[in-house]
Amino acid sequence: MGSQVDIVNFQGKELAILGAGVTGNSVARVLAERGADVVLIDDDPKAQSAFPIYSPESIDISAFSSIIVSPGWPRDHPLINTAIELGLDILNEIDIAFTIAQEISPAQKWLALTGTNGKTTTVEMAAAMLTRAGLKALACGNVGETVIDAVTHHDPYDYLILELSSFQLHWMRKARFTSAAILNIADDHLDWHGGFEAYAAAKFSILNRTDIAILNAQDLEVVERAEYFKGRKVFFSLQTPAPGELGIVEDILVDRAFVIDASEAAVIASIDDIQPSLPHSVLNALAATALARSVNVAYEDIQGALKDFHPGHHRIETILSCDGIVWIDDSKATNPHAAAASIMSHLSVIWIAGGLAKGADMDALIRRTHKRMKAVILIGADRELIAAAMAKHSPATPIIKIDSRSGKGEASNTLMERVVEAAKLYASQGDTVLLAPACASMDQFISYADRGERFASAVKKLVPHAK
């Protein structure tokens, strides 16, 4: 797929772009500027674009020379199946952007990162390190700007640090990276991929496009699945590093991979330089450091960037600390792996969870974390999956189920206000009220950010001394 078409010269080509979201519109703009005739295809009647938009039912895909698939568009969609049967080229934004970059910015280097959790924080850390070193760098892809917008920027970047989802990697065929990191791997998006093996295969395909693999040594799934890789492996962990690794010595982050003499160790930073200094945050910092060191960023620039770096909203964000109770928004924890890391960072938790499980199993999450849970408040379409796992592993833990009384995206915040009121009944000094849903948000909210903002608004409105 996508191996025959010239993905720089689109002059006069008739192209169908599946998906009229941010990526689809960016691709349409760039390809139209290169002389292509483009249309967008989308199920959403509210989708907007400067280009024609058609519903899947109203389009004859055989009229096009190629289709371009936006991330998340169902891989087994009838239009894609038809395109494959017809032998059409199936393209994607990343490969198109990479080929254009080779033409217009041949000196530009790409670094890449994937994983189940921590991707956005880590690529933003890495971009901050490169920027601190005086390099023109940008985190893009599944965060911030689309890659194709970054590539065609009027003032070219020296480096792009790409956050890549499993959806993007599934279709990718051409892009190459100076270095690529895999943070972790756990159940996520299984409904889209059809199972864990296909999901993991998409993630690990990133190693087919790099000479340097940066790998989490504490994730056995990552270590075992990367055994086939024949290039340079750089492992990172919270342990004392061996030669060729990054790790921790006492409270110091240490590099023994990107040093002239492997018998020596270079100091990166102190654990206290990382906020919050939780285990997974330190692992993210080590992965970001490895990406930065792969392009020779100095240690003082790395340390300076880490000191100044603060994660984005809805990532273990403290909303309020009052009367010995901490209220935390980790709405970005949209799968069990992320939720587990969040829960295990606290000793006594009133856990707010639920939404769209995306095919993930909740048993392992509850089995690992239930001793930290004082009470569980459940919302959303797949809350019964969590309730069943709680009944199996922690039947004595109180469970409160709260239904929505307002529609998705409405001004009323009734749902989260009821959630906060329920949490107040159980929370006491020493407890953490934690929104870490282990599920996607789109059943009841516009996005994970909308979910987090509504939670924060309810806390500030209803918890004493919050104003």
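Up top you'll find the structure we're talking about.
Notes on the structure follow. (Residues numbered from 1 in each chain as written. Predicted model: local features only at pLDDT ≥ 70, side-chain atom pairs only at ≥ 80, totals over all residues. Heavy atoms only, no water.)

1. Observations regarding the packing of aromatic side chains
Put simply, the test is: Working definition: rings of Phe, Tyr and Trp (its six-membered ring) pair if their centres are within 6.5 Å, and the pair is stacked with planes under 30 degrees apart, edge-to-face with planes over 60 apart, and tilted otherwise. Every helix listed is a DSSP run of H or I at least four residues long, and every strand listed is a run of E at least two residues long, numbered separately from the N terminus. Each residue gets one of three labels from its accessible area relative to the maximum for its type: buried under 20%, exposed over 50%, partly exposed in between, using a 1.4 Å probe on protein chains only. Think of it as a cone above the ring: NZ of Lys or CZ of Arg counts as a charge over the ring if it is within 6 Å of the ring centre and within 35 degrees of the ring normal.
With the rule as written, the count across this model stands at 4 aromatic pairs. Here the aromatic rings of Phe-167 and Trp-192 are separated by 4.8 Å at their centres, their planes lie at 50°, and the arrangement is tilted. Of this pair, Phe-167 sits in helix 6 (residues 166-171) while Trp-192 sits in helix 7 (residues 190-193); the two residues are 25 residues apart in sequence, bridging distant segments of the chain. Trp-192 gets classed as buried once you look at its relative accessible area, which sits at 12%. Connected via pairs of aromatic rings, a cluster forms that spans Phe-98, Trp-110 and Phe-177. Over the ring of Tyr-299 we find Arg-293; its NZ or CZ atom is 4.2 Å from the centre of that ring. Above the ring of Tyr-448, the side-chain terminus of Lys-332 is found at 5.4 Å from the ring centroid.

2. Notes on the pattern of salt bridges
Selection rule: Between Lys or Arg on one side and Asp or Glu on the other, a salt bridge is scored when a side-chain nitrogen of the former is within 4 Å of a carboxyl oxygen of the latter.
If you walk through the whole model with that rule in mind, you get 17 salt bridges. In this structure, Arg-132 engages Asp-308 in a salt bridge whose closest nitrogen and oxygen atoms are separated by 2.5 Å. Residue Arg-132 is located in helix 4 (residues 119-132), and its partner Asp-308 is located in helix 11 (residues 299-308); the two are separated by 176 residues in the primary sequence. Note on Arg-132: relative accessible area 41%, which makes it partly exposed. Of the charged contacts in the structure, one is a salt bridge between Glu-197 and Arg-225, with a shortest N-O distance of 2.7 Å.

3. Quick look at the sheet that holds strand 8 (residues 159-163)
Stated precisely, the cut-off is as follows: Paired strands, in this sense, are two strands between which DSSP finds at least two bridges. All axes here are fitted lines through C-alpha atoms, helices being fitted over the stretch that makes contact, and every angle between N-to-C directions spans 0 to 180 degrees. Throughout, a residue-residue contact means that at least one pair of heavy atoms, one from each residue, lies within 4.5 Å.
The 9 strands are arranged 7-8-6-9-10-11-12-13-14 in an open sheet whose pairing can be described as mixed. Edge positions in the open sheet fall to strand 7 (137-141) and strand 14 (266-270), since each of these has one partner strand only. Geometrically, the sheet is characterised by an average inter-axis angle of 20° between neighbouring strands, direction not taken into account. Alignment of strand 10 (residues 212-216) against strand 11 (residues 232-236), held across 5 bridges, turns out to be parallel. Across the sheet, residue Ile-212 finds its bridge partner in strand 11, namely Arg-232. Seen against the sheet, helix 10 (residues 279-293) touches strand 6 (109-114), strand 9 (179-182), strand 10, strand 11, strand 12 (245-249), strand 13 (252-255) and strand 14 and runs at an angle of roughly 140° to strand 12.

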